[in-house]
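Notes for the structure review
Okay, here's what each chain looks like letter by letter:
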Amino acid sequence: MQDGITIAGRAFASRLFVGTGKYRSNAEMARCHTASGAEVVTVAVRRVDLSGKTESLLDHIPRDKYFLLPNTAACYTADEAIRTARLGREVGLSNWVKLEVIGDPDTLFPDNEGLVEATRVLAKEGFVVLPYTTDDLINARKLIDAGAAAVMPLAAPIGSGLGIQNTTNLRILREKITSVPLIVDAGVGTASDATIAMELGFDAILMNTAIASADDAVKMAEAMKFAVAAGRLAFEAGRMARKLYATASSPLEGVSR
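Residues numbered from 1 in each chain as written. Predicted model: local features only at pLDDT ≥ 70, side-chain atom pairs only at ≥ 80, totals over all residues. Heavy atoms only, no water.

1. Side note on the packing of helix H2 (residues 78–90) against helix H3 (residues 112–124)
- For the pair H2 and H3, interaxial distance at closest approach is 9 Å and the crossing angle is 35°. The element H2 and its partner H3 pack so that their crossing is right-handed. Seen from H2, the contacting residues are Ala 78, Ile 82, Ala 85 and Arg 86; seen from H3, they are Gly 114, Glu 117, Ala 118, Val 121 and Leu 122.
- Its residues placed into classes, the contact of H2 with H3 shows six nonpolar, one polar and two charged. (Axes fitted to C-alpha atoms, helices over the stretch in contact; angles between N-to-C directions. Helix = DSSP H or I, 4+ residues; strand = E, 2+ residues; numbered from the N terminus. Left-handed = near helix turned anticlockwise from the far one by under 90°. Contact = heavy atoms within 4.5 Å. Nonpolar A, V, L, I, M, F, W, Y, C, P; charged D, E, K, R; others polar.)

2. A closer look at the environment of Val 128
- Structurally, the position occupied by Val 128 is in strand E7 (residues 128–133).
- Sequence separation between Val 128 and Val 40 is 88 residues, and the spatial gap between their C-alpha atoms is 14 Å.
- Those residues in contact with Val 128 that sit more than four places away from it in its chain are Ala 8, Asn 95, Trp 96, Val 97 and Ala 149.

3. Here's the deal with the environment of Glu 117
- With respect to the secondary-structure elements, Glu 117 resides in helix H3.
- You can call Glu 117 partly exposed: its relative accessible area is 38%.
- With 82 residues separating them along the chain, Glu 117 and Glu 199 place their C-alpha atoms 32 Å apart. (Buried < 20%, exposed > 50% of the residue type's maximum accessible area, 1.4 Å probe, protein only.)

4. Considering the pairing of strand E6 (residues 96–99)
- Burial of the side chains of E6 extends over both faces: Trp 96 and Lys 98 are buried on one face and Val 97 and Leu 99 on the other.
- Both E6 and E7 contribute to a ladder of four bridges, which runs parallel. Bridge pairing in E7 places Val 97 opposite Val 129.
- Chirality of the crossover, the property in question, places the unit of E6, H3 and E7 among those that are right-handed. (Pairing = 2+ DSSP bridges. Right-handed = clockwise from strand over helix to strand, strands pointing away.)

5. Quick look at the packing of aromatic side chains
- Under the definition given, this model contains four aromatic pairs.
- Grouped by ring-pair contacts, the aromatic residues Phe 12, Phe 17, Phe 67 and Trp 96 constitute a single cluster.
- If you follow Lys 98 out to its NZ or CZ, it ends over the ring of Tyr 132, 5.9 Å from the centre. (Phe/Tyr/Trp six-rings, centres within 6.5 Å; stacked < 30°, edge-to-face > 60°. Lys NZ or Arg CZ within 6 Å of the ring centre and 35° of its normal.)

6. Details of the environment of Arg 242
- Tracing the backbone through its elements, the reader meets Arg 242 in the segment after helix H8 (217–237).
- For Arg 242 and Thr 34, which are 208 residues apart along the polypeptide, the C-alpha to C-alpha distance reads 38 Å.

7. Some thoughts on the nonpolar core
- Counting 48 residues, the largest nonpolar core has Ile 205, Met 207, Ile 211 and Met 224 as the members making the most contacts within it.
- The leading source of residues in this core is H8, at six residues.
- In this structure, Met 224 is in contact with Leu 16, Val 188, Gly 189, Thr 190, Ala 191, Ala 194, Met 207, Ala 210 and Ile 211, ignoring residues within four places of it in sequence.
- Among the nonpolar cores identified, the runner-up in size contains 17 residues, and Ala 85, Phe 127, Val 129 and Ala 148 belong to it. (Core = buried A, V, L, I, M, F, W, Y, C linked by side-chain atoms within 4.5 Å.)

The following block contains the structure:
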């Protein structure tokens, strides 16, 4: 990576954040984390054994190597999400939270009203809140006003692998939201999707299924590392202007005839 991302004063070298679900084994998950070059790993608080009495996926995520980002997956109300975030902090995971308040069980689209409410409560309690939201500018602004440290819009439904479905909304978000980082969360299916998201100017991407469900998850993790880096470099470089007609690659001026 040529540069990094800073959220709430904390710097990360990698702009690729990864998850922990759907892997064939914890060992495969660990290999993918290494291949991805990611530093931030998100963990569903409600889906891990926090008692320490049995083997947990947490045993395969070295805390000296990765920054744990607890998430409130499977929470359908603001109150549920708030309690889950508090639990994650109480057991020593982190005071950071990837905040999810799901509004529909089929699409897993967020409940934006509940999301804003939970963000406001948790931010006041000292949490660094990264809410998963729709690609809606108005709601993104409400989340920032409520105290969000970053905004994480979906590119497509969670786990769908459809890629970026509405580049227009994402471009609007990038143009209008500059006070906090923007992180694409959900919908990426392959490396080109990640590159496109980064070329739009997003600060980072969080993904899970695209890596874990690939035929060769470790190779896909490495592909995503390069895709995110390439997309960021292309954004910083600035693409050439689009033209309707051809322009010769070798100028004709000064060529003898």
